[in-house]
Amino acid sequence: MNEESDAVEGMNPAAEAIVRLVQEARACWERRAWGDSAGPLAEALRLAEAEAGPDSPLTAWVLRHTAWLATTTGCHADSVAEYRRALAIYEATSGPEHPDVVSTWIQLAEALFSLGRSADRALEPAGDQEADELALRAVAAFDAAGREDLELAQCLDEAGWRRYFIGRYDDAEPLLARALDLFERLAGAADPRTARAAQRLGMAYEHGRLEVDAAPCYRKALAGCEERLHDAHPDVLDARARLAKYLGKTGRGEESAFHFDRLVATLLDDAAEVDWCAHRWYLGGCGQYLRDAGRLEELEELERRAADYDVMVAIHREGLDDAEAQYGTGSVEYATALGELANSLADAGKGDEAFEAADRARAILVARLGPDDPAVAGAEERVETVRKAAEFHAGRPRRSRRLGREEPTLFGPLSTPWADERRGDLIRAYLDALAPTDEDEEGDEVADPTGALGAVTMLTFMADADEQWGFLRELIAAAPDDAGVLQAVAAGPLEGLLGRFDGEVIDRVEAEAARDPKFRRVVSGVWQHGMSDVVWERVRAIQKTVADPLPEMRPFEDSGD
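Predicted model, so just to flag it, every value in this text is computed and none were measured. (Residues numbered from 1 in each chain as written. Predicted model: local features only at pLDDT ≥ 70, side-chain atom pairs only at ≥ 80, totals over all residues. Heavy atoms only, no water.)

Student: Looking at this structure, how should I read the overall build of the protein chain?
Tutor: Secondary structure assignment for the protein chain yields 25 helices and zero strands. Buried positions account for 46% of the 561 residues belonging to the protein chain. The long-range share in the protein chain, meaning contacts at least 24 apart out of those at least 6 apart in sequence, stands at 64%. As displayed, the protein chain offers around 26200 Å² of accessible surface, 50% of which is attributable to carbon and sulfur atoms. (Helix = DSSP H or I, 4+ residues; strand = E, 2+ residues; numbered from the N terminus. Buried < 20%, exposed > 50% of the residue type's maximum accessible area, 1.4 Å probe, protein only. Contact = heavy atoms within 4.5 Å. Areas by Shrake-Rupley, 256 points an atom, 1.4 Å probe, with all protein chains shown as cover.)

Student: Where do I start with the confidence of the model for the protein chain in this structure?
Tutor: In low-pLDDT segments, the atomic positions of the prediction should not be examined closely. With 88% of its residues at a pLDDT of at least 70, the protein chain reaches an overall mean of 86. For residues 438–444, every residue scores under 50 in pLDDT, and the model assigns this stretch 14 contacts once sequence neighbours within four places are set aside. (pLDDT = per-residue confidence, 0-100.)

Student: Just checking my understanding: could you explain the nonpolar core for this structure?
Tutor: Nonpolar side chains in soluble globular proteins tend to be buried together. Counting 76 residues, the largest nonpolar core has Ile 18, Trp 61, Val 62 and Trp 105 as the members making the most contacts within it. Trp 469, Val 485, Val 505 and Val 526 belong to the second largest nonpolar core, which has 43 residues in total. (Core = buried A, V, L, I, M, F, W, Y, C linked by side-chain atoms within 4.5 Å.)

Student: I tried to follow the pattern of salt bridges on my own but got confused; where do I start?
Tutor: If charged atoms from side chains of opposite charge come close, those side chains can pair. What the rule picks out here adds up to 47 salt bridges. A salt bridge links Asp 132 to Arg 168; its shortest N-O distance comes to 3.7 Å. You can see Asp 132 sitting in helix α6 (residues 127–144) and its partner Arg 168 sitting in the loop between α7 (150–165) and α8 (169–186), a full 36 residues away along the chain. A salt bridge links Arg 147 to Asp 149, with the nearest nitrogen and oxygen atoms 2.7 Å apart. Here the residues in one salt-bridge network are Asp 143, Glu 148, Arg 178, Asp 181 and Arg 185, joined through shared partners. (Salt bridge = Lys/Arg side-chain N within 4 Å of Asp/Glu carboxyl O.)

Student: Hey, could you run me through helix α11 (residues 234–249) in this one?
Tutor: Spacing of three or four residues puts side chains on the same side of an α-helix, whose turn is 3.6 residues. Here α11 spans 23 Å end to end across 16 residues, near enough to the 22 Å set by a 1.5 Å rise per residue. Within α11 the residues assigned to the buried category are Val 236, Leu 237, Asp 238, Ala 239, Arg 240, Ala 241, Leu 243, Ala 244, Tyr 246 and Leu 247. Considering only its buried residues, α11 is in contact with α9 (192–207), α10 (215–228) and α12 (253–267). At the C-terminal side of α11, Gly 251 shows a positive phi close to 85°. (Expected span 1.5 Å × (residues − 1).)

This is how it looks when you write it as structure tokens:
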């Protein structure tokens, strides 16, 4: 966020009060108490509109803060609307090239891109394109003014990264390269922004078609991180892993081995206090390195440590910590986060801890809302659901992670195998990965040697509704009549389709469920995640008709809810 702009220079008492309220909100942000900042910002906006006028620069300045809060709390449509209003005010009062206009272009671009990744993306179907155009307008304004500063570097870096994120690797390169040059000159090699820009440029070179060696960028990123951080810091390990992996695949084995040795030593060092949540993606590469080197005892220890970690549990524990910091342990928000943690713990087979979390969430809601509130009924239902889910997963243990055993990945992360000639192979590989075998050992988790599980996960984020629907019907038709496999399809691609496209696809789901008993049974394993209440009610109506529901179906009230 920008600090106080020209709008608050020479302030009168009313303006001073507005600035104090905004500063109070910022102080809440520093301790991540987003909810506590909403009141001061609302009062600041009310005062600005009343004292300076609804179309004043002071009002626009406050709006940019409310928009930033909206983005941070996931209200992306509100954020875009507030940035648009602030931009219109600045353009009318200050002119199209004023620094506040340019800064708001940059912020609106970020908000539009975030909206494009949210459930409300249909509100701005051309949001990614507009975000790119706004960023380029900002860059042109910086250039016209002769500015080469850190704000320009940040704008270039984020615009380039957005292009990379949507697969425009070669288009990202000139923006990222210029950003890196500016950061190096203005902030220095050890600045975190410089290291981040170097890593992003390296990724663009690695995955693009420019045939440029990415290693110098990855080395710069690592050197910058090492200069200011310890070996076990997530940024250092991430930068080292990218360099080691890239060096290995480009034939520079000796240098790659040096960095893999450093990675493994840190991961196996009890004193390092490694954050496993931040390092999951490259454990397979470390395992393969150890296996190829014949260092099987170290490999076994790394596998043991990796098996103790569950990504969804870690994410929901972090969400619980955030809810405690923002709202306190007796709040409805804390109870909601506790319930989400209970679900992930149950899925991880940690039944006792899951049940305790679900029961605590129920008790908090009873204390805050009263025993007759609908949320309490939902929490009581969750307690029973968590119990059943924990029993199901405990009886069907997952395979422990076998690091470095994978064959070459057939369905890489940068491809769309559901949309080409590999579609049938993808369906078969996905179902093979889910199906239990006689060789599975107790405690094992689902392996993904071909990349099929990852590819289907990406399908739910990347493919449109029609692509997903056709693939899903073929997948369910080919699936064995195994409760565990069908539940995985329900909780994965089917729930992903409904959560993302909601009302766009529910008619198709109802029609297919009425036609196909197997499809109807898969629907029984879906939970509400991401769906509107209206669509969820229609899904529940389907679930009521299933004679042999999947084990994780949310239970109904005795009254027949």
